[in-house]
Amino acid sequence: MALLKIKNLSVKSGENNKEILKNISLEIDEKSIHVLMGANGSGKSTLAYALMGISRFKVTGGSVIFLNKNITKLSIDQRAKMGMTLAFQEPAIFEGISVQDFLRAGNKKISRKKTEEILSLIGLEPKKFINRYVDQTLSGGERKRIELASVIALKPKLIILDEPDAGLDIIIYRELYGILENIKRETKASILLISHREEVGLIADRATFLRRGKTICSGPFRPVMRKYCQSLKRKEICLKTMPCLKNL
Amino acid sequence: MSQNNALPKKFISSAKKCGFDTALMQAAGVPHFYAESNKILSFQKTAGLEMKAQSFKEGVKIKLIVKKGVKIKKPIFLCFGILKNQGKQIILPEIILEEKAEAKILAHCTFPIAEKITHRMETVMKLGKNSRLSYQEKHYHGENFGAEVLPNFKVLLERGSFFNNEFILDQGSVGKLKINLEMELKKEALVEITNKIVTRGEKDKVEIFDKVLLRGENSKSLIKSRAAAIGGGSVFLQGETVALAKGACGHIDCQEIVIGKKSIAKAIPIVEVCHPEARVTHEASVGKVNQKELETLMTRGLSEEEATDFIVKGVVR
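In this text, all values refer to a predicted model and were calculated from it rather than measured experimentally. (Residues numbered from 1 in each chain as written. Chains lettered and ligands numbered in written order. Predicted model: local features only at pLDDT ≥ 70, side-chain atom pairs only at ≥ 80, totals over all residues. Heavy atoms only, no water.)

What follows covers the overall build of chain A. Secondary structure assignment for chain A yields 9 helices and 10 strands. Relative to the 2.2 N^0.38 estimate, which gives 18 Å for 248 residues, the radius of gyration of chain A is 18 Å and therefore close to what a compact globule would have. Seen through its principal axes, chain A has C-alpha atoms that stretch 45 × 45 × 35 Å. When burial is assessed residue by residue, chain A has 53% of its 248 residues classed as buried. Taking as baseline every contact in chain A between residues at least 6 positions apart, the subset at least 24 positions apart corresponds to 65%. (Helix = DSSP H or I, 4+ residues; strand = E, 2+ residues; numbered from the N terminus. Rg over C-alpha atoms; globule rule 2.2 N^0.38 Å. Buried < 20%, exposed > 50% of the residue type's maximum accessible area, 1.4 Å probe, protein only. Contact = heavy atoms within 4.5 Å.)

Here it is as structure tokens:
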């Protein structure tokens, strides 16, 4: 059953009024991991931000249906309260805010024990991190994990992740995919994952391939990945690095 | 010599509002000095801490001396204020830490129903060689924008001493606040100055002038200011660091958030270096709440107002 339905969505930049997305349509199933793939500038992040209602992107046509409700005109926090959330590619830092406070920001009822469990789930030692500040003293990888912990704490139904694997080395991002599977299992949420890496095939259920702001194809992961690799003339590389994609 | 540690209820409630441990403030044996207008309410000495005080027509004069080599484990509480809606108070504190002495002072100034109040404070501090002082001053000026608070500090840090100085006014209205702080550091002395201020309305005017003279070799300073100009209030912060000796090193870090029409924030860092082997740096950020921080919190379900409040509390915490 579809958790999120995007119907003919067109989006312009709020800064220069340039059309970035044209008639995008796709569906995200419940309890699934759906990958958005495409080259730089194809509109992946714009789609993610437009779905979340970030105001610098203007929806000029189409609709977003979440939990059978048209949310196209709702604000960011209204969407979040319905169970949708987003983790930015480069998470913001917060001076004077502890990890505990940050995890409780959107869910005041969450217990300290639960926040510690969430930190363990995303691979951070709770005692070491719970009282640290969400500021520049954290490494990039630690901050990304805390961003994930923060979205899990909300108990969302849909988590949008904008390139959580960007800037991470190979060992860490493979660990990250394990964490995403844990998140899916623990929260029973769907994940819309933006990624450039072929290795997301290890965890993805479905995918959508975007090019120049248009949907090229959408469906089960492997055929979409095949199309994407062909477009990049990278199929051989994909197969070499990802034996699981041999039957593409 | 001691007197009964009985703080008026209004002092206690405002101290609580500012995050003080009010049970500890009133506990037996905790060193303290409490005064309302020109009346000395209560004081408590401890071993190694000398305390002399006298009141005069418009206020109170107090001298604290932490004796050589003495480390006072419990915090020393100072509490000054005016509990009427009008009045004038002058406080003249002299705080001396002798060589290798250590102390932590928690000071509270309160004017909970101020409508027309002037509070002036002329503080002189002397930190002896290799002494350490942590001094935190938290203010509460009530909700009526009726306080005029004018604290001045002159601080001398002898060789190898360390001073951590924090001023916080993040509850209620400000009224008019003007702080002048001047510090002089000898060889290898170290100071950290932190100001945290939030305005609430158009009548709130804040001016802070922090000046550090790094006279001694390898002396170091940090002036860190965090302010939020909200509701039409204005905040002016001037941090000045002058480096005069080899290895002297200073940094000025100022962050001011502006929220709402007519609110004004202004920052002036002044850096002056008079030695080729000294260095002073500064950074400042003045303006609206960071958009990415705001959007991140909104994606967690906070409204724009809630998210702004959350960010401001973090910045001035």
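Listed per partner, the contact involves 19 residues of chain B and 27 residues of chain A. For the chain B face of the interface with chain A, the top three residues by lost area are E295, T299 and R300 of chain B, together amounting to 34%. At the junction of chain B with chain A, the criterion picks out 3 salt bridges. The salt bridge partner of R56 of chain A is E295 of chain B, with a shortest N-O separation of 2.9 Å. (Buried area = accessible area lost by both parts, 1.4 Å probe. Salt bridge = Lys/Arg side-chain N within 4 Å of Asp/Glu carboxyl O.)

Burial runs high along helix α3 (residues 291-298) of chain B: 6 of the 8 residues are buried. Residues of α3 of chain B that are buried include every one of E293, L294, E295, T296, L297 and M298 of chain B, and no others. Contacts from the buried residues of α3 of chain B go to α2 (76-82), α3 (99-104) and α6 (140-153) of chain A together with α4 (304-316) of chain B.

One broad rule of soluble globular proteins: the nonpolar side chains tend to lie buried together. Judged by nonpolar contacts, the single largest core of 95 residues is most densely connected at L47 and L180 of chain A. Judged by nonpolar contacts, the second largest core, of 63 residues, contains A35, I117, L177 and A229 of chain B. (Core = buried A, V, L, I, M, F, W, Y, C linked by side-chain atoms within 4.5 Å.)

What follows is about the sheet that holds strand β10 (residues 147-157) of chain B. Hydrogen bonds along the backbone pair up the strands of a sheet, which may run parallel or antiparallel. All names here are of chain B. Strand order across the open sheet formed by 9 strands is β3-β4-β6-β8-β10-β12-β14-β16-β18, with mixed pairing between neighbours. Taken across any chain shown, the strands that pair with only one partner, and hence form the sheet edges, are β3 (49-56) and β18 (264-273). When strand polarity is set aside, the average angle formed by the axes of neighbouring strands in this sheet is 5°. Here 10 bridges tie strand β6 (residues 86-97) to strand β8 (residues 116-127), and the two strands are oriented parallel to one another. Bridge pairing links Q89 to H119 in β8. (Pairing = 2+ DSSP bridges. Axes fitted to C-alpha atoms, helices over the stretch in contact; angles between N-to-C directions.)

For the rest of this paragraph, the subject is the packing of aromatic side chains. Scanning the model with the defined rule gives 7 aromatic pairs over all chains in all. Relative to F88 of chain A, the ring of Y49 of chain A lies with its centre 5.5 Å away and its plane at 35°, an arrangement referred to as tilted. Here Y49 of chain A, found in helix α1 (residues 44-52), pairs with F88 of chain A, found in the loop between β6 (84-87) and α3; they are 39 residues apart in sequence, far enough to count as distant. Each member of the pair, Y49 of chain A together with F88 of chain A, is buried. Taken together, a centroid distance of 6.2 Å and an interplanar angle of 70° make the contact between Y135 of chain B and F153 of chain B edge-to-face. Here the residue Y135 of chain B occupies a position in strand β9 (residues 132-140), and F153 of chain B occupies one in strand β10, the gap between them amounting to 18 residues. An aromatic cluster is defined as three or more aromatic residues linked by ring pairs; in this entry it consists of Y49, F57 and F88 of chain A. Seen from the ring of Y49 of chain A, R56 of chain A lies directly overhead, with NZ or CZ sitting 5.6 Å from the centre. (Phe/Tyr/Trp six-rings, centres within 6.5 Å; stacked < 30°, edge-to-face > 60°. Lys NZ or Arg CZ within 6 Å of the ring centre and 35° of its normal.)

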